[in-house]
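# Structural description and commentary
One letter stands for each residue in the lines below.
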Amino acid sequence: MNTATFLENPNRYFDGSYEQFVLFGGPCVYFHEQCLRAGAGDFLSHRHVEMLYATLTAWGMHRMGDAKTKLVSWDQFSESLLKHKTLMEPLRAQRMMDLSEAEYLEAVNRLRVPYCALKVSISEASIVANSKALFHVLPELIPPIDRQYTWRFFHAQPDRWRDGKGKYRAIQLPRGLEVQFDAFRDTCFRIKRLADAIGRATIEAERQRYGVTPPKAIDNAIMNYIKVHGRAHGT
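Parameters and conventions
Residues numbered from 1 in each chain as written. Predicted model: local features only at pLDDT ≥ 70, side-chain atom pairs only at ≥ 80, totals over all residues. Heavy atoms only, no water. Helix = DSSP H or I, 4+ residues; strand = E, 2+ residues; numbered from the N terminus. Buried < 20%, exposed > 50% of the residue type's maximum accessible area, 1.4 Å probe, protein only. Contact = heavy atoms within 4.5 Å. Axes fitted to C-alpha atoms, helices over the stretch in contact; angles between N-to-C directions. Parallel < 35°, antiparallel > 145°, perpendicular 65-115°, else oblique. Left-handed = near helix turned anticlockwise from the far one by under 90°. Nonpolar A, V, L, I, M, F, W, Y, C, P; charged D, E, K, R; others polar. Salt bridge = Lys/Arg side-chain N within 4 Å of Asp/Glu carboxyl O. 1 Å grid on protein atoms, 1.4 Å probe; cavity = no way out; pocket = protein on both sides within 12 Å on 5 of 7 lines; lining within 4 Å. Points joined across faces, edges and corners; volume = space filled by probe spheres on them. Phe/Tyr/Trp six-rings, centres within 6.5 Å; stacked < 30°, edge-to-face > 60°. Lys NZ or Arg CZ within 6 Å of the ring centre and 35° of its normal.

## Side note on the side chain of Asn224
Tracing the chain through its elements places Asn224 in helix H14 (residues 214-232). Given the relative accessible area of 6%, Asn224 is considered buried. Excluding residues within four positions of it along the chain, Asn224 makes contact with Arg12, Tyr13, Asp15, Gly16, Ser17 and Gln20.

What follows is the structure in structure tokens.
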């Protein structure tokens, strides 16, 4: 499995992983950092939610035209977050690296109601959009989950990533909101286990160097893993 390969030499994938994130471009990094700063200062304030809306746009969650990758209206988005502020606020103190596996699962399960009520994207596939939103709300607890990187890492070996023409295969996510929450929870748990196996020292070193939280440090390293092994198995 990819996790076993990753754990053979995790430093290989952490090295340069933040730089790979930065290569996505200025708005991706700028709005992301502004959003986290706003959330740390005033949780789910207007500024925090506004910066989250901008961050998701910069992270590719909104495209012009008839694409299914499109955010809902500002009113829908902000209202769906704010009505669960009281439920989510206690989770701010929960840190992925400080929790046992059972405690972590309990914390993520407490997000079922806000996850299922959250209005982010017009797409029926909620895992990517909702996880990226919840990461920016609870950056010490929830990882961002990406279709092309995270899901591929946990569900396909490198020799199955590309089709006969050398292009990455399309990723199909589960259907149904409750099923998608379960997949979200299970992916969060897999990332928690991966983080524990890597060890606090390696992950906290990324925080010290680049200011990234542990969930984002793992996300960056997984993206780097896909890039490294994607090149090795490309045509």
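## A word on the environment of Val120
Within the secondary structure, Val120 is located in the loop between helix H9 (112-117) and helix H10 (127-137). Since its relative accessible area comes to 1%, Val120 is described here as buried. Separated by 59 residues in the primary sequence, Val120 and Met61 place their C-alpha atoms 8.9 Å from one another.

## Describing the packing of helix H5 (residues 46-61) against H10
Helix packing for two helices is described by the angle between their axes and how far apart those axes are. Contact geometry of H5 with H10 gives a least axis separation of 10 Å together with a crossing angle of 140°. In this view, H5 runs oblique relative to H10, as classed from their interaxial angle. The chirality of how H5 crosses H10 is right-handed. Of H10, the residues touching H5 (which contributes His48, Leu52, Thr55, Leu56, Trp59 and Met61) are Val128, Ala129, Lys132, Ala133, Phe135, His136 and Val137. Split into classes, the residues belonging to the contact of H5 with H10 amount to nine nonpolar, three polar and one charged.

## Some words on the pattern of salt bridges
When their charged atoms lie close together, side chains carrying opposite charge are able to pair. By the definition in use, this model includes 14 salt bridges. Close ionic contact of Arg92 with Glu89 constitutes a salt bridge, the shortest N to O distance being 3.9 Å. Across the pair Asp219 and Lys216 runs a salt bridge, and its minimum N-O distance is 2.7 Å. Of the two residues, Asp219 and Lys216 are both situated in helix H14; the distance of three residues between them amounts to about one turn of the helix. What makes Asp219 buried here is its relative accessible area of 7%. On the accessibility criterion, Lys216 (2% relative accessible area) is buried. By sharing partners, the salt bridges in this structure join Arg112, Glu178, Asp182, Arg185 and Asp186 into a single network.

## Topic: the layout of surface pockets
Reported here for the largest pocket is a volume of approximately 990 Å³. Considering the residues around the largest pocket, the lining is formed by 33 residues, among which Met61, Thr69, Val128, Arg147 and Leu173 are closest to the centre. Looking at the lining of the largest pocket, the elements with two or more residues in it are H5, H10, helix H11 (147-155) and H14. Classifying every residue of the lining of the largest pocket by side-chain character gives 16 nonpolar, eight polar and nine charged. One number sums up the size of the second largest pocket: a volume of about 380 Å³. Lining the second largest pocket are 24 residues; nearest its centre among them are Leu36, Ala40, Pro139, Glu140 and Thr213. When contributions to the lining of the second largest pocket are tallied by element, the ones reaching two or more residues are helix H3 (17-22), helix H4 (26-41), H10 and helix H13 (200-210). Of all the elements, H4 adds the most residues to the lining of the second largest pocket, at six residues.

## Topic: the packing of aromatic side chains
Within a pair of aromatic rings, the relevant descriptors are the distance that separates the centres and the angle that separates the planes. One pass over the structure, following the stated rule, counts 19 aromatic pairs. Plain terms: the ring middles of Trp59 and Phe135 are 6.4 Å apart, the flat faces sit at 20° to each other, and that makes the pair stacked. Here Phe135 lies in helix H10 and Trp59 lies in helix H5, a separation of 76 residues in the sequence. Above the plane of the ring of Tyr168 lies Arg162, whose end atom (NZ or CZ) is 4.2 Å from the centre. Over the ring of Phe21 we find Lys216, and its NZ or CZ is 4.1 Å from the ring centre.

Geometric values such as these leave the question of function open.
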